[in-house]
Amino acid sequence: MSDANYVKITRPTPDWYDSKRADEVIVAYNTGGGSAQPADPFVAESVIPAATGSMRDFSYIAPDLPELTAENCVGCMDCVNNCPDTAILGKVATRGQLEQTLADFPAEQRQLLTDQFVETTKYFKAFEKKHEKDATAPEGGLFGIFIDPTKCKGCGECVEVCGDRNALKMIKKTPDNLPDYFGMWKLHNRLPASPEAYINPKVAVDLMLKPSHSHYVGGAGSCMGCGEASVIRQALAATAEKVGENYGIVAATGCNTVYGSTYPYNPFTVPWTNSLFENAPTDAMGVRAFWDETGHDDRVLWVLGGDGAMNDIGFQALSRMLASGMNIKVLVLDTQVYSNTGGQTSTASFVGQEAKMSSHGKRDLGKLERRKELGQICMMHPNTFVAQSVGPITSHFFKSVNLALEFDGPAVINVFTTCQPEHGVADDMAAAQAKLAVESRAFPIYIYNPAAGRTMREKLSLIGNPNIDRDWASRKRKDGTTETVTFIDWCKTEGRFRKHFDKSGKPTELLLRSQQERLENWWQLQDLAGIRNKDQEAAAEKG
Amino acid sequence: MKRLREKLIADLTRPRPLTDQVTRTLMDRCELRSDRIVPFLADGIHKVDEATIDTIFSPMYTPDWHDRARYVEDVERVSITPAVLSAIIDDLAGSGLTAEYLYEDDTAPMRLPEVVIDRWVRRLHLEVRLPDKIRQAVEATIPKDAQAEVKALTGQPAWRGDHREGILITFLTGFSRTGRFSVDKFEYLTGLVHTYRPHSVDHFRSQVDALIQSYHEESGEHFFDPHLKEVYGPDGAMSPVHDPYGDHRQRQLSLATELKDDLAEFATQAAG
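Residues numbered from 1 in each chain as written. Chains lettered and ligands numbered in written order. Predicted model: local features only at pLDDT ≥ 70, side-chain atom pairs only at ≥ 80, totals over all residues.

1. Digging into the overall build of chain A
Counting its secondary structure elements, chain A contains 21 helices and 15 strands. Across its three principal directions, the C-alpha atoms of chain A cover 75 × 60 × 50 Å. Counting the 543 residues in chain A, one finds 55% classified as buried. (Helix = DSSP H or I, 4+ residues; strand = E, 2+ residues; numbered from the N terminus. Buried ≥ 20, exposed ≤ 12 C-beta atoms within 10 Å, placed from the backbone.)

2. A few points about the domain arrangement of chain B
Reports often express the size of an interface as the amount of accessible area lost when the parts come together. All names here are of chain B. For chain B, the domain assignment lists domain 1 (2-122) and domain 2 (132-271). When each unit is reduced to the centre of its C-alpha atoms, the spacing between domain 1 and domain 2 is 32 Å. Taken together, the contact between domain 1 and domain 2 spans 5 residues of the former and 6 residues of the latter. Broken down by secondary-structure element, the contributors of at least two residues to the side of domain 1 that touches domain 2 are helix H5 (65-69) and helix H6 (72-77). Ranked by residues supplied to the side of domain 1 that touches domain 2, first place goes to H5 with 3 residues. (Domains from an automatic or database assignment. Contact = placed C-beta atoms within 7 Å.)

3. Some remarks on unusual backbone geometry
All names here are of chain A. With omega at 5°, the peptide bond leading from Tyr263 into Pro264 counts as cis. In this fold, Pro264 is placed in the loop between helix H10 (255-259) and strand S7 (272-274). With phi around 55°, Asn166 is a residue other than glycine that occupies positive phi space. Its location among the elements puts Asn166 in the loop between helix H7 (157-162) and strand S5 (168-172). On the neighbour-count criterion, Asn166 (16 C-beta atoms within 10 Å) is partly exposed. Of note in the backbone geometry, Asn383 takes a positive phi value of approximately 45° without being a glycine. With 13 C-beta atoms counted inside 10 Å, the residue Asn383 sits in the partly exposed group.

4. A word on the sheet that holds strand S3 (residues 106-111) of chain B
One open sheet accounts for 3 strands, arranged S1-S2-S3 (chain B); its pairing is mixed. Every interior strand has two partners, whereas the edge strands, strand S1 (16-17) and S3 of chain B, have only one. (Pairing = 2+ DSSP bridges.)

5. Things to note about the domain arrangement of chain A
Residue and element names in this part refer to chain A. As assigned here, chain A comprises domain 1 (64-213) and domain 2 (227-542). Each of domain 1 and domain 2 has a C-alpha centre, and these two points are 31 Å apart. Contacts between domain 1 and domain 2 engage 18 residues on the former and 19 residues on the latter. Top contributing element to the side of domain 1 that touches domain 2 by residue count: H7, with 4 residues. Across the side of domain 1 that touches domain 2, the residue classes break down as 9 nonpolar, 6 polar and 3 charged. (Nonpolar A, V, L, I, M, F, W, Y, C, P; charged D, E, K, R; others polar.)

6. As for the packing of helix H2 (residues 20-29) of chain B against helix H4 (residues 50-57) of chain B
Residue and element names in this part refer to chain B. One way to put it is that H2 packs onto H4 with a least axis distance of 8 Å and a crossing angle of 150°. Comparing their axes, H4 and H2 come out roughly antiparallel. Between H2 and H4, the residues in contact are Val22, Thr25, Leu26 and Arg29 and Thr52, Thr55, Ile56 and Phe57, respectively. Looking at side-chain class alone, the contact of H2 with H4 contains 4 nonpolar, 3 polar and 1 charged residues. (Axes fitted to C-alpha atoms, helices over the stretch in contact; angles between N-to-C directions. Parallel < 35°, antiparallel > 145°, perpendicular 65-115°, else oblique.)

7. Section: helix H13 (residues 201-217) of chain B
Its 17 residues give H13 of chain B an end-to-end C-alpha distance of 24 Å, which sits within 8% of 24 Å, the value for a rise of 1.5 Å per residue. In this structure, the buried side of H13 of chain B is in contact with S5 of chain A together with helix H11 (162-178), helix H12 (183-196) and helix H15 (244-271) of chain B. (Expected span 1.5 Å × (residues − 1).)

8. As for the pairing of strand S6 (residues 247-251) of chain A
All names here are of chain A. For S6, the buried fraction is high: 4 of the 5 residues fall into the buried class. Strand direction decides the pairing type here: S6 and strand S8 (residues 300-306), joined by 5 bridges, are parallel. When the sheet's bridge partners are listed, Ile249 is paired in S8 with Trp302. Across 3 bridges, the pairing between S6 and S7 is parallel. When the bridges of S7 are listed, Val250 appears paired with Thr273.

9. Re the interface of chain A and chain B
Residue-level contacts link 52 residues of chain A with 47 residues of chain B. At the level of elements, helix H6 (121-133), S5, helix H15 (394-406), helix H16 (420-423) and strand S14 (473-476) of chain A are the ones that each hand at least two residues to the side of chain A that touches chain B. A class-by-class count of the residues in the side of chain A that touches chain B yields 14 nonpolar, 18 polar and 20 charged.

10. So, the environment of His222 of chain B
Checked against the element boundaries, His222 of chain B lands in the loop between H13 and helix H14 (226-232). For the pair formed by His222 of chain B and Gly233 of chain B, sequence separation is 11 residues and the distance between their alpha carbons is 8.5 Å.

11. Brief notes about the sheet that holds S6 of chain A
Residue and element names in this part refer to chain A. The strand order S7-S6-S8-S9-S11-S10-S12-S13 describes an open sheet built from 8 strands, whose pairing is mixed. Of all strands in the sheet, those bounded by a partner on one side alone are S7 and strand S13 (460-461). Of the pairings in the sheet, the one linking S8 to strand S9 (residues 329-334) comprises 5 bridges and is parallel in character. The residue of S9 that forms the bridge with Leu304 is Leu331.

12. Some words on the pairing of strand S2 (residues 88-93) of chain A
Residue and element names in this part refer to chain A. Summarising burial for S2: 6 of the 6 residues are buried, a large majority. Across the two faces of S2 the burial is the same, with Ile88, Gly90 and Val92 and Leu89, Lys91 and Ala93 all buried. In the sheet, S2 pairs with strand S4 (residues 142-147) via 6 bridges, with the strands oriented antiparallel. Residue pairing across strands places Val92 opposite Phe143, the latter belonging to S4.

As structure tokens, this is what we get:
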């Protein structure tokens, strides 16, 4: 097996915290003895020791594992950022560090291990050029991508986001190749952390090169390819860059709390609490008030919750929290459905969407109400920062998080997160579907920053959406012809809208109505942002 | 060398659609509005650092073995040392090459940055020459119209070393004798050899057996609740609309089974 994976927590622990007992519990659960455990202070306090998810072993689950073709890798970190399970990590090493570490490995393994590294432009050539001019500057670093076989569930998301770079492909996991993965992971763990000199603090996607920024360590029971978990990882890495470990999380009940706190596995290294489904913002107000009164006003406080918690049952609590002006940041994991309880409609669901309690049948054709736009509602609260984003458009996402953290007051970031079982998409499609949701106007991205100006158009930016001044986006097909990307085109790719298409692919009237509703939502955003719509102007000229 | 140069220039500069992945990365990493892409490629891209340019354009300029196959003839005709390769890249980078990209209803010209040229040319592995015995074996056993592709695949490092070359010869001669060759299968075989690094034909046979066994072990019942199966199962309402990777896995299993059968057939023929 690999070297010990357990992430060491350095922060002080309470007096009653029994480290020995924590180890006993994890070992018991890892070896099938969980149900025979006696009660202990952890159970009594409803506490799960931090980062115990790092000790969970999923190597019996994944049917496939990603394989790296190092020479094609550019070090873009897309695979690392979009992995929901902290199962694929990047590492920069100097040639000296690599040689020194490899010396401890059997000779027959060394070629395989060396082959995991590549001289990229980003970490090698750019640094070599500087080193040639200034001998004191660091030499080029070697870059490698490594899979943790105990965390990878085999969703293939990393391969999908790597795309035409073809640096990753999925291969079948077998008894012959699994030991190689453990060997490579051992090398990753034995190498020192990527030297700071190679990490550009201005490049947000590189934050995950820092082990100190991995505040979500994996080992969570989320579904293969879960779109939520990768977004949480990215948000926490950005927070770590701003304030280190000086923050806490209040989570609203939902998928995120189920996979995030399945005893005894805790994927978080930072303080995290869960009260109820409907009251996370209220709970957070109490924490904020206590921290502020006890001299901890520098601490960041995150609230995590799904669209059910924030749009529906907890909406009032959220609205009250925003109105309070308290410095609390909210990350909404918008799957447009109650994923945790089996796929019921939420007010974030799209018109026509097939969901439990809005089933597609003879009388009704799925959800009939319009989608509630949480972001736009939040914008109308006083002095509130709002962003709507998706994780795989990484610069936009990290910018949203950074601005939210810098904003002196409440902030809400509503993020489209793919839920494979309830959206009816394949395990490796979280990023692809989120990006298509943006391009099809199903889920436009924007940043509303009250600090950016006085007028609405100064505060609201739609940068990041394609064809910002048109009704629909367009793109080139591989054959060179142009196609328009509509909401209907996106619906065709998701099982939740399957029943709206006949055999020839013709959509129902309801779905066309849903498309019109999405277009009107886009027009509203364009109007608020002061964007002139060329298509509408042309239509008006024609009369 | 002149012909090789012209071929490289034609490949690098041929008009092509700006792919979705490149467009998205360009917009994201450069915080660019889509209606500014065309002028940005003409005037702004050279202000971007090389690493970002590499990240943005690598999906369009990472050659695969199909691309390498188109250069096999050239590589056999001229000797390209690493020094010569670097000189070719320098020459092309200094030539002011301009590529044209099709984007929406427009054409976007861009002077090719050196990092893009370097990526494409270096990864074609023009410096790799097949050992004579391998080249001759390919020419003697593989149909002429597939020889360039097989040579490109056999040029990969996975096939180097006495053990692997022995395995390669076994397959080449076996395919020739049995008529069971296909390019797809040979590509898959090359991938397996890369992953498993077998040291003999028998070793490889056992690895293929274990691979097939692994596929079969996972193909059991995944649903224990009939209602869940009805909704989320293979033909359920919430089954994925599009699952190319699932189809790909089926194809992989079929190719692995074919390779196992090939080895059995080779043995039978050799015994007969």
